[in-house]
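Take a look at the letters that make up each chain.
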Amino acid sequence: MSTTSTRGKPDAGPAQQPFTYPLRKEFVEPDWRRIPGYKDVTEAEWESSVWQRKHTVKNLRELRATLGALLPDDLAVSMELDQKERATMSILVPPQMLNTMNLEDLWNDPVRKYMLPALADRRTDWANHPRASRDSLHEADMWVVEGLTHRYPTKVLAEMLPTCPQYCGHCTRMDLVGNDVPQVSKHKFATGQKERYEQMLDYLRRTPTVRDVVVSGGDIANLPIQALEPFVSALMDIPNIRDIRLASKGLMALPQHFLQDSVLAGLDRLAKKAVDRGVDLALHTHVNHAQQLTPLVGKAVRKLLDMGFRDVRNQGVLLRGVNDSPKALLDLCFTLLDHAKILPYYFYMCDMIPNSEHWRLSVAQAQKLQHDIMGYMPGFATPRIVCDVPFVGKRWIHQVSEYDRERGISYWTKNYRTSVEANDADALERKYEYFDPIDTLPESGQAWWRDQPKAA
């Protein structure tokens, strides 16, 4: 019950809220020496990109050697089965990221759940949605040259390379990125790197409608600065290119890379050229949980901002069991803002790749999360939850045109044609389908799906 002042008006003051600010967790670098394999590692070694890459965990044998008794035997067995039967990505976890996991309870740790999936994490009733596909966003279908996706009218995606410093279990580019696994033989680029880059630049020089280039992969943290710098510099020489976004989860997973003198020098030259040419240069990273942010990440971000990068922004992914609560999202957003100086930007719904149903949320669940995080952060830093609809693109979660909750099918429209629809007269009139996880549907909806044939 509110109180009333002597002037007859309610007394103003802070109210009890569902989420409490300021954050209570201390922002510190976790002590890596608690990990048996790192007990003698010096600070200089830990902050070395070369050391981090050399000691990146690449398989279960190395994980067991690194964690020792901290890795439960039953979890190790379940991870091994997952690699053999369900995983779409091989294991690759840098020490920096391993150090952000809760090693006292690895079974329930949110970072472990998506970086080191276990078979027991996944669903057995609906391991796959019948409409799941390897290249769920059809990016390769929209390649105008190999590796260059022209999906939006004024924006393109340049896939520079097929590797990352770490492999996420939910990777939307699992068709291209990483090593082969028993379930997935990866696509390989047919054209040499140098020739591919020149083909990309040539297309952009011939296509003045493009103003925005996302330079991604894989991950640009795996591209030597001697190759990244000339490509990005060449983009700035194209008059119609006004925005360049470098995409790197490595900023969070391997901040040591971005603190190397040679990398800083190359990025500094690019930042200065961007200012001189009137081009906005930003870096996009991918953080899914607050505990993945540490002072080393903040240090790398400040270097980029100080040299003139317009923004460092976060594009996370909504993952069931990782960040599917308002508290988890708000903890992450405030840690990004207050400590790492990273702007919360997007949270994507997890894409419909194979064996991902245990991570995916329904459109209705995403809509509720968007509702529940509103009002806490400044408007410019309130992330939008988006559904990346195949052959449509990113749509704010409340832009759904129709929604059949019984069968879990949402319908979306768009106002532009992708590169594969250049002459499709009906593209702007069509309604495009997106599918909820089947286990989130009522029994009648699940029964309906059981009777449907799988997509070809």
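An unreviewed UniProt entry lists the protein under the name Lysine 2,3-aminomutase, with Corallococcus aberystwythensis given as the organism.

J.: What is the right way to read the environment of Phe-435 from this model?
T.: Relative to the assigned elements, Phe-435 resides in strand S13 (residues 432–435). The class of Phe-435 is buried, set by a relative accessible area of 8%. Remark: the alpha-carbon pair of Phe-435 and Ser-362, spanning 73 residues in sequence, is separated by 8.0 Å. In this view, Phe-435 contacts His-129, Arg-131, Met-352, Arg-360, Gly-408, Ile-409 and Trp-449; residues no more than four positions away in its chain are not counted.

J.: How should I be thinking about the sheet that holds S13 in this particular structure?
T.: Backbone-to-backbone hydrogen bonds join strands into a sheet, with any given pair of strands oriented parallel or antiparallel. Read from one edge of the open sheet, 3 strands run S11-S12-S13, paired in antiparallel fashion. Where the open sheet ends on each side, the last strands, each with one partner, are strand S11 (402–404) and S13. Along the sheet, successive strands turn relative to each other by an average axial angle of 20°, direction set aside. Where strand S12 (residues 409–412) and S13 come together, 4 bridges link them in antiparallel fashion. Along S13, the bridge assignment pairs Ser-410 with Tyr-434.

J.: For this particular structure, what's the right way to read the layout of surface pockets?
T.: One simple way to see leftover space: roll a probe sized like a water molecule over the atoms. Taken as a whole, the largest pocket holds about 560 Å³ of empty space. Lining the largest pocket are 28 residues, and of these Lys-25, Ala-290, Gln-291, Lys-327 and Asp-331 lie nearest its centre. In the lining of the largest pocket, the residues fall into 11 nonpolar, 11 polar and 6 charged. Summarising the domain contributions, the lining of the largest pocket has at least three residues from each of domain 1 (32–121) and domain 2 (140–451).

J.: Would you explain the nonpolar core in this entry?
T.: Here is a general trend for soluble globular proteins: nonpolar side chains tend to be buried in one another's company. Counting 127 residues, the largest nonpolar core has Val-215, Ile-244, Leu-246 and Leu-267 as its most contacted members. A total of 8 residues in this core trace back to one element, the largest contributor, which is helix H13 (residues 326–340). Residues from two domains meet in this core; each of domain 1 (32–121) and domain 2 (140–451) gives at least three. Met-89, Leu-92, Val-181 and Ile-353 belong to the second-largest nonpolar core, a separate cluster that totals 10 residues.

J.: When you look at the pairing of strand S3 (residues 155–159) in this model, what are you seeing that I'm missing?
T.: Both faces of the sheet carry side chains from a regular strand, because those side chains alternate between them. For S3, the tally of buried residues reaches 4 of 5 residues, placing the bulk of the element in the interior. Both strand S2 (residues 148–149) and S3 contribute to a ladder of 2 bridges, which runs antiparallel. Bridged to Leu-148 within S3 is Ala-158. Here S2 hands over to S3 after 5 residues, the two strands then running antiparallel side by side. Taken together, the 5 bridges between S3 and strand S4 (residues 212–216) define a ladder with parallel strand orientation. Looking across to S4, one finds that Leu-157 is bridged to Val-214. For the crossover from S3 across helix H7 (residues 193–205) to S4, the handedness is right-handed.

J.: Where do I start with the pairing of S4 in this structure?
T.: Burial analysis of S4 places 5 of its 5 residues in the buried class, which makes it a mostly covered element. The alternating pattern of S4 places Asp-212, Val-214 and Ser-216 on one face and Val-213 and Val-215 on the opposite face, and all of these are buried. Note: S4 against strand S5 (residues 243–247), 4 bridges, orientation parallel. Across the sheet, Val-213 pairs through a bridge with Ile-244, a residue of S5. At this point the chain moves from S4, through helix H8 (residues 225–236), to the parallel S5, and the crossover so formed is right-handed.

J.: Help me understand the pattern of salt bridges in this model?
T.: Side chains carrying opposite charge are able to pair once their charged atoms draw close together. This model, assessed by the stated rule, comprises 36 salt bridges. With a closest N to O distance of 2.6 Å, Asp-237 and Arg-277 form a salt bridge. With Asp-237 in the loop between H8 and S5 and Arg-277 in helix H11 (residues 261–277), this pair connects stretches of sequence that are 40 residues apart. The partly exposed category is assigned to Asp-237, whose relative accessible area is 43%. Residue classification places Arg-277 among the partly exposed residues on the basis of a relative accessible area of 37%.

J.: Before we go on, may I ask you to explain the packing of H13 against helix H14 (residues 363–373) in this structure?
T.: Geometry of a packed helix pair, given as the angle between the helix axes and the separation of the axes. Interaxial distance between H13 and H14 falls to 9 Å at its minimum, and their mutual angle equals 55°. As far as their axial angle goes, H14 and H13 are oblique. Taken as a pair, H13 and H14 cross one another with a handedness that is right-handed. Where H13 approaches H14, its residues Pro-326, Leu-329 and Leu-330 are matched on the opposing element by Leu-369, Asp-372 and Ile-373. Looking at the contact of H13 with H14, its residues break down into 5 nonpolar, no polar and 1 charged.

J.: So what exactly am I meant to see when it comes to the domain arrangement of the protein here?
T.: When the parts come together, some accessible area is lost, and that loss is often what is quoted as the size of the interface. We note that the domain assignment places domain 1 (32–121) and domain 2 (140–451) within the protein. In this complex, domain 1 contributes 31 residues to the contact, which on the side of domain 2 involves 41 residues. Looking at the side of domain 1 facing domain 2, the largest losses of area belong to Thr-88, Met-89 and Tyr-114, adding up to 27% of the total buried there. Counting the contacts that link domain 1 with domain 2 gives 0 salt bridges. Viewed at the interface, domain 2 and domain 1 are joined by 18 residue pairs in polar contact (both at pLDDT 80 or more).

J.: What am I meant to see in the side chain of Glu-146 here?
T.: Following the sequence through the fold, Glu-146 ends up in the loop between strand S1 (143–145) and S2. Look at Glu-146: it is buried, it has no salt bridge, and the nearest opposite charge is Arg-196 at 4.6 Å. Within the local environment of Glu-146, its side chain forms a polar contact with the backbone nitrogen of Ala-190, the two atoms lying 2.7 Å apart. A polar contact of 2.8 Å, which involves the side chain of Glu-146, links it to the backbone nitrogen of Thr-191. With sequence-adjacent residues up to four places away left out, Glu-146 is seen in contact with His-187, Lys-188, Phe-189, Ala-190, Thr-191, Arg-196 and Met-200.

Reading the values: rules and limits
- Residues numbered from 1 in each chain as written.
- Predicted model: local features only at pLDDT ≥ 70, side-chain atom pairs only at ≥ 80, totals over all residues.
- Heavy atoms only, no water.
- Helix = DSSP H or I, 4+ residues; strand = E, 2+ residues; numbered from the N terminus.
- Buried < 20%, exposed > 50% of the residue type's maximum accessible area, 1.4 Å probe, protein only.
- Contact = heavy atoms within 4.5 Å.
- Pairing = 2+ DSSP bridges.
- Axes fitted to C-alpha atoms, helices over the stretch in contact; angles between N-to-C directions.
- 1 Å grid on protein atoms, 1.4 Å probe; cavity = no way out; pocket = protein on both sides within 12 Å on 5 of 7 lines; lining within 4 Å.
- Points joined across faces, edges and corners; volume = space filled by probe spheres on them.
- Nonpolar A, V, L, I, M, F, W, Y, C, P; charged D, E, K, R; others polar.
- Domains from an automatic or database assignment.
- Core = buried A, V, L, I, M, F, W, Y, C linked by side-chain atoms within 4.5 Å.
- Right-handed = clockwise from strand over helix to strand, strands pointing away.
- Salt bridge = Lys/Arg side-chain N within 4 Å of Asp/Glu carboxyl O.
- Parallel < 35°, antiparallel > 145°, perpendicular 65-115°, else oblique.
- Left-handed = near helix turned anticlockwise from the far one by under 90°.
- Buried area = accessible area lost by both parts, 1.4 Å probe.
- Polar contact = N/O pair within 3.5 Å; in protein donor to acceptor, adjacent residues only side chain to side chain.
- Lys, Arg positive; Asp, Glu negative; His and termini not counted.

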